[in-house]
Structure formats: C-alpha cells, structure tokens
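A closer look at the structure
Residues per chain, in single letters:
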Amino acid sequence: MRVGLIGLGGMGRGLAKNMVAKGLDLAVADLDQERVDRAVAQGASAGGMPVEMAAACDVLMVCITTAEAVQEILLGSDGALSAMSPGDILVDHTTVSPEHVDKMRAACEAVGVRYAEAPMTRTPAHADRGEVNILFGGDEALLDELRPVFGTYAENIFHVGPAGHAIRLKLIHNFIAFANVAAFCEGFALAAKEGLDMSKVIGIISAAGGKSGMMDLYGEMTLRRDFTPHMSLSNAQKDVRYYAEWLEQAGLPGFMAQSVHQTYALASIMGHGGEGCTAVIKAYEDLTGIEATLPNVE
C-alpha cells in the first residue's frame, strides 16, 4: 500500500514520523520544504506536487488547516482528486465543517474514490508519540482496511457512526475544549487583577469542579507564560467558527458559541493568532495591563 500525506504541520509531522518508523511506504508534501526534508531524513519520500502524489498513491491523506485549503488542493479540473484512481482512498484528517465533509464525499463518489472522514483529537505531542485519537465516520469495512495505517500513529480508533458523524462530534469536542480555555483564561486574568496568589489558583480550582483536561494540559503553561502554539489560537478560532456556523444551520441558539468565537477573534485581531490557544488571556491582559503569572516567572 502506497500512502501519501499532504501536510506536515503540528499533527502531520508526527503522523509521518510514526508511519515510516512502522514500515509504511510514505510520500509526503508540504508548502514548507524544510518539513519535507525532515520527513525524508526519517525515511519518507518527497511526493512532489499534490496531483503527482495523488496519481502515485493508493491512500492519499490530508492533514492541513482549513476546509477551504483542502478543497483548493483537491477539487477542480486540476485538483489532486482528479488524478486519483477508482478504488483509491482519500483520508481527511483536517478539522473541517459538516458541509465540507458532505461536499468532499460527493466529489469522491463521483469519481469512484472512497472518502474517509477521520478527524483527530489530542495534541502534536501525542502525534509525535503515535498516540492520537481517530474519530471515524462511515463504513466499517473501509475502517478495517485503514486500520493498519491508522494503527501506526493512533492509540484509539473510534468508529463514531455513519458518515458525517465524526466531524460533528469533533467540532462539539473542540468547542467544549476551547470554551473551557476561554473560561479559565478569563478567570486567571481576573484573579491576577484582583491580586490573588496565582500559585494557588490552579491547584484549588482543580481540586473541585473547575478541573478539566484543558487546564491540566495548558493551565500551568499559561501562567508560566509559555504560549507555544501546540494548538494555535487561530486554529481554535477556526474550529469554533465552524461549530457556530453549524449550530446556526441546525436552527439552535448559539449564545455561548458566538461569545467564545468572538473572544478568540478579538485575541487574534490583537495580534496573538500565531501563539498557543491560551494566548486568549493576553486580550484580557492588554485591557488590564496586568499579566497573569506564577511568582518568580520572568
């Protein structure tokens, strides 16, 4: 099985590393040539242009930033999908929108390509260790065919249900996660403004109902002023936007969705989009002039 991977960013580089380490025949492509060179040094081959890689691979995977970027690469008369053969598999690891999933599935079916909706959860550190979670929506037989590939970099593979269900659950998950980040950043900012002992804030909150997975991952990093973009603020804003748009299309009120989205949008406008998602706290700090930080952190 010849596998191609487009996208060697935060998650993709870990996928590539583990696929070649487990013996898969992998070709890679990315706009950043240094990322391609790094993957090649680990054992992958350079796939060239996406359309060239699509023609040469049995399984083509995309792990990039937005639905719009995926469609730009794959669709159209000269898109990569046009070079794929009937029976090939397109694996979409990108966190996208339900509308995108429906559009891509229809485009694939029109040319006999099998579309695999497979968004992921967890972080680039998990991807590097081969411990991502894969949410799969679609036919069980297709999932079984892909398990040898997914198994090289996933700790858990969840068959969520019919096609379209995986991205919907992923967006719900990400909204809840990023709403939690926005909430604890707001709380941290207020605690700092009011002069609370920040060395006690996380421990006391986490000893009760305020404990969360996102605070466990990023809470202390935030107060240590580490805004490394393991999950960038701009990507968080994008995911919450997809969720808010979907919620509106479903006919449900989205008061919280809009509030969380606007919080990330404001922080992005203020220049923090390329930092980690918890840099949303900087929007509050810019307004108060007070940093939320642990004692003795420079």
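Quick caveat, the model's predicted, so the values are computed rather than measured. (Residues numbered from 1 in each chain as written. Predicted model: local features only at pLDDT ≥ 70, side-chain atom pairs only at ≥ 80, totals over all residues. Heavy atoms only, no water.)

Topic: the overall build of the protein chain
Across its full length, the protein chain holds 13 helices and nine strands. Radius of gyration (C-alpha) of the protein chain: 20 Å, near the 19 Å computed for a compact globule of 298 residues. Seen along its three principal axes, the alpha-carbon backbone of the protein chain occupies a region of about 65 × 45 × 30 Å. In the protein chain, which comprises 298 residues, the proportion classed as buried is 51%. The contacts in the protein chain between residues at least 6 apart in sequence include a share of 67% that link residues at least 24 apart. Accessible area for the protein chain stands at about 13,300 Å²; split by element, carbon and sulfur atoms hold 54% of it. Both charge centroids of the protein chain, one from 22 positive and one from 37 negative side chains, sit 5 Å from each other. (Helix = DSSP H or I, 4+ residues; strand = E, 2+ residues; numbered from the N terminus. Rg over C-alpha atoms; globule rule 2.2 N^0.38 Å. Buried < 20%, exposed > 50% of the residue type's maximum accessible area, 1.4 Å probe, protein only. Contact = heavy atoms within 4.5 Å. Areas by Shrake-Rupley, 256 points an atom, 1.4 Å probe, with all protein chains shown as cover. Lys, Arg positive; Asp, Glu negative; His and termini not counted. Charge placed at Lys NZ, Arg CZ, Asp CG, Glu CD.)

Thoughts on the pairing of strand 1 (residues 2-6)
Along strand 1, four of the five residues are buried, which leaves the element largely enclosed by surrounding structure. Bridging between strand 1 and strand 2 (residues 25-29) involves five bridges; their strand directions are parallel. For leucine 5, the partnering residue across the bridge sits in strand 2 and is valine 28. For the segment spanning strand 1, helix 1 (residues 12-21) and strand 2, crossover handedness is right-handed. (Pairing = 2+ DSSP bridges. Right-handed = clockwise from strand over helix to strand, strands pointing away.)

Here we look at the packing of helix 11 (residues 233-249) against helix 12 (residues 255-272)
For the pair helix 11 and helix 12, the least separation of the axes is 9 Å and the interaxial angle reads 150°. The orientation of helix 11 relative to helix 12 falls into the category roughly antiparallel. In this structure, the crossing between helix 11 and helix 12 has a hand that is left-handed. Residues Leu233, Ala236, Gln237, Val240, Arg241, Tyr243, Ala244 and Leu247 of helix 11 form the contact with helix 12, whose participating residues are Ala257, Gln258, Val260, His261, Tyr264, Ala265, Ala267, Ser268 and His272. The residue inventory of the contact of helix 11 with helix 12, partitioned by class, reads eleven nonpolar, five polar and one charged. (Axes fitted to C-alpha atoms, helices over the stretch in contact; angles between N-to-C directions. Parallel < 35°, antiparallel > 145°, perpendicular 65-115°, else oblique. Left-handed = near helix turned anticlockwise from the far one by under 90°. Nonpolar A, V, L, I, M, F, W, Y, C, P; charged D, E, K, R; others polar.)

Quick look at the environment of valine 181
Mapped onto the secondary structure, valine 181 falls in helix 8 (residues 165-193). Given a relative accessible area of 0%, valine 181 falls into the buried group. Each C-alpha atom, one on valine 181 and one on glycine 112, is 42 Å from the other, the two residues being 69 residues apart in sequence. Not counting residues within four places of it along the chain, the set of residues in contact with valine 181 comprises Met214, Tyr264, Cys277, Thr278 and Val280.

Some points on the nonpolar core
Counting 64 residues, the largest nonpolar core has Leu60, Leu74, Leu90, Phe188 and Tyr264 as the members making the most contacts within it. Element by element, the count of residues in this core is highest for helix 8, at 14 residues. Aside from chain neighbours lying at most four places away, what touches leucine 90 is Leu60, Leu74, Met84, Met104, Cys108, Val113, Arg114, Tyr115 and Ala116. Counting 32 residues, the second largest nonpolar core, distinct from the first, contains Leu26, Val28, Val132 and Phe136. (Core = buried A, V, L, I, M, F, W, Y, C linked by side-chain atoms within 4.5 Å.)

So, the pattern of salt bridges
In total, this model carries 17 salt bridges according to the counting rule given. With its nearest N and O atoms 2.5 Å apart, the salt bridge here joins arginine 122 to glutamate 155. A residue pair is termed long-range when its members are at least 10 positions apart, and arginine 122 in the loop between strand 7 (120-121) and helix 6 (124-129) and glutamate 155 in strand 9 (residues 154-161) qualify at 33 residues. Judged by its relative accessible area of 33%, arginine 122 falls in the partly exposed class. Owing to a relative accessible area of 47%, glutamate 155 belongs among the partly exposed residues under this scheme. Note that aspartate 216 and lysine 211 form a salt bridge whose closest N and O atoms lie 3.1 Å from each other. Assessed through its relative accessible area of 47%, lysine 211 is described here as partly exposed. Taken together, the shared-partner salt bridges in this structure form one network comprising Asp30, Asp32 and Arg35. (Salt bridge = Lys/Arg side-chain N within 4 Å of Asp/Glu carboxyl O.)

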